[in-house]
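What follows is each chain in one-letter form.
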Amino acid sequence: MIRQFELVERVKSYDPNADEDALNRAYVYAMKVHGSQTRESGDPYFSHPIEVAGILTDLKLDDNTIITALLHDVVEDTEATLKDVEQKFGKDIGRLVDGVTKLSRLELQSEQTKHAENFRKLVVAMSEDIRVLLVKLADRLHNMRTLESVKSPDKRRRIARETMDIYAPLAERIGMQRFKDELEDLAFAQLNPDARDSIQARMEFLKRTGEDLPDRIVGQLKRTLAEDGTEAWVSGRVKSPYSIWRKMQRQNVAFEQLSDLVAFRVVVESVEHCYQALGILHSRYPVVPGRFKDYISTPKPNGYRSLHTGVIGPERQRDEVQIRTREMHEVAEFGVAAHWKYKQASQQVDGRQYRWLRELLDILEHASNPEEFLEHTKLEMFQDQVFCFSPKGDLIALPRGSTPVDFAYAVHSEVGDTCVGSKVNGRMVPLRALLKNGDQVDIITSRAQTPSPDWETFVVSGKAKSRIRRFVRMKQREQYGELGRQMLQKAFRQEGYEFTEKAIEGVRKKFHCEAAADVYAEVGQGHRTAREVLLAVFPGVKDSKKSDTIVPIGRARARQGKGKDSAVPIKGLIPGMAVHYARCCHPLPGDRIVGIVTTGKGVTVHTIDCETLERFQDTPERWVDLAWDVVGEADRLLGRLYVVVANEPGSLGSLSTIIGKNQGNISNLKITNRSIDFFEMLIDVEVSDVKHLTNIIAALRATPVITSVERARA
Ligand code: MN
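Residues numbered from 1 in each chain as written. Predicted model: local features only at pLDDT ≥ 70, side-chain atom pairs only at ≥ 80, totals over all residues. Heavy atoms only, no water.

Caption draft 1: How the structure looks around the coordination of the manganese ion. Protein-derived ligands of the manganese ion are His48 (NE2), His72 (NE2), Asp73 (OD) and Asp139 (OD), with the metal-ligand distances lying across 2.2 to 2.4 Å. In primary sequence terms, the donor set of the manganese ion follows H-x23-H-D-x65-D. Of this pair, Asp73 sits in the loop between α4 (63–71) and α5 (74–77) while Asp139 sits in helix α9 (residues 130–145), and the two are 66 residues apart along the sequence. Each member of the pair, Asp73 as well as Asp139, carries the same accessibility label: buried. (Donors = N, O, S within 2.8 Å, 3.2 Å for Na, K, Ca; no water. Helix = DSSP H or I, 4+ residues; strand = E, 2+ residues; numbered from the N terminus. Buried < 20%, exposed > 50% of the residue type's maximum accessible area, 1.4 Å probe, protein only.)

Caption draft 2: View of the side chain of Lys239. Its location among the elements puts Lys239 in the loop between β1 (233–238) and α14 (241–251). Given a relative accessible area of 13%, Lys239 falls into the buried group. At 3.0 Å, the side chain of Lys239 forms a polar contact with the side chain of Glu320. (Polar contact = N/O pair within 3.5 Å; in protein donor to acceptor, adjacent residues only side chain to side chain.)

Caption draft 3: Spotlight on helix α25 (residues 530–537). Of all 8 residues making up α25, 6 are buried, and the element is well covered by its neighbours. Turning to α25, its buried residues are Ala530, Arg531, Val533, Leu534, Ala536 and Val537. Turning to α25, the residues buried within the fold contact α22 (462–494), α23 (501–507) and α24 (516–525). (Contact = heavy atoms within 4.5 Å.)

Caption draft 4: Summary view of the side chain of Arg265. With respect to the helices and strands, the residue Arg265 is situated in strand β2 (residues 262–268). Exposure remark for Arg265: the relative accessible area of 8% places this residue in the buried category. A distance of 2.9 Å separates a polar atom in the side chain of Arg265 from a polar atom in the side chain of Gln322. Once residues within four sequence positions are removed from consideration, Arg265 is found in contact with Trp233, Val234, Ser235, Arg237, Gln322, Arg324, His329 and Glu333.

Caption draft 5: Structural view of the confidence of the model for the protein chain. When pLDDT is averaged along the protein chain, the result is 77, and 78% of the positions lie at 70 or above. With pLDDT under 50 throughout, residues 108–118 is counted as low confidence; its partners more than four residues away or in other chains account for 21 contacts. Considering only residues more than four positions removed or in separate chains, one finds that residues 571–577, a stretch of pLDDT under 50, has 17 contacts. (pLDDT = per-residue confidence, 0-100.)

And the structure:
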């Protein structure tokens, strides 16, 4: 057990301004209130908080963190209250101790859903101050180191399981590799002692037969680098039994086939030296293909940076080498704690600087159940950027939350404008899917595609946003223009004049417009009336007799019957922009309709027999003939799909849900083949056009239970 003066000395060695008095008082106080309590091992209880504090001095954490470690169990396990702690050590310490206490209480909850629930609250607490988490992890590490003294095997397993599932991943998240390795290995020893024993026995055996092989390699690597004038600190680290075990499982190989049990580390002065050292090693030794990774230019999400490579080294065996600077090394080992140290000067030590925590919290708030939450936390979400690859291997950095559409625009504006679908890691995904670090994204384009205003609701990158918005605005203008032209045509016709573009050209300057098209758009948007323009062209037009120019409902109805020639197709107008549906009559596709133009608002669509229309009888120039682009069944297209679906409960349900969600209508479904594991079927889907069908196909392909979807062409 670390003695009092020893602990204080340690803290003072890296933090000369540490509050010596408070450290001393905390040490004494912890001893006093834990009193004669003992742990299951029979050790005095206070040895535990003192060891936890000791672990944290290795990370060179500040005096308040060390004091918190000393006091972390007093509220939970002794007579002392939070108030006592606050009074004796101040509000800050009180807050930190309270954070750790809350975490400890959560561990005592029931078995069910405890993992995710604990995790959830743990993260909530941790987001208030990252130091709470550091103390908690050190606490868990010490408990794992002394786990053997816990008598109940069930309890040992439970603690080990929790360590494996929650704490080791958390340590990894915040980059504390050393904590993570040790936590994992201690848990592994508990959960699968046989596997661990046999791996260790093998490693011992190799060590005996290979003698000082790693040491010899270290020496030779060092000499090789020195010969080329690169000063380096080289070491060899034997991998942990658990990481070896996992590799054996993942790659399905036997122990003998694992060549790189030792990772060699080359620590140099600067980033330039890293690449220099890499160059030297690559020119001296044969390079193992596929092992080179540059985490300096592309750091891991938890901040890890290093160059990785594999060479057939000095002893003619495969060596894994990691090259980094001293700072990178510290971050690699201690993660957040190292960052914390570097940031200490600026006093910005709370968790708020970790944006990923905030995002975690967001998901916590919105995940409906703990399982879903755990699912989400598997995503790497703690960085404000994601890095994805093109099929050619180009690296593309995007803001967090980016989708394939963002990716497409990042590749090229034109790729963005014409994208119709995307494959992520070889699998079709929806265009609005979230991209994750390391995803390989393949964009499918089609000349026929144009940006959808819909995309604006989910893209996050500035480039995609501005391109889509520009396109939408242009498109909107085109549509207002078309509307305005038709309104003018009608106004001219009503007065018995011929409408020509030439006539408008002649007066456009009067309206400060650069082209006739701009005049149309002004009218379409309602900034000018058609009559104004008419009067500009034919100043002689008298205010005509109203009764003649009214479009009586009957006439409108009659004209509607003539066909679609004069009608503005509703489809194609951007919803919510130029067209509104009247609340009085709720027009539906198939209804006969008419539009009323309102200044600055666009067109409101009414059913032809809506009573509201009477109010507009005096302003015939505001009436527009409209028709639905899709008039009932006949105009719907039928697409036939050949679909293979997994024969699982609910799979047919999700099939029809997806088609429904995408506004498709199943008109016929025929199962052509039914086997134990799959259904094959033909489905007829009513769609509005081919693009609609393509969308439905893409959505189906993105669904796990659906194995394949093709257009059936027969
Ligand atoms: Mn504890």
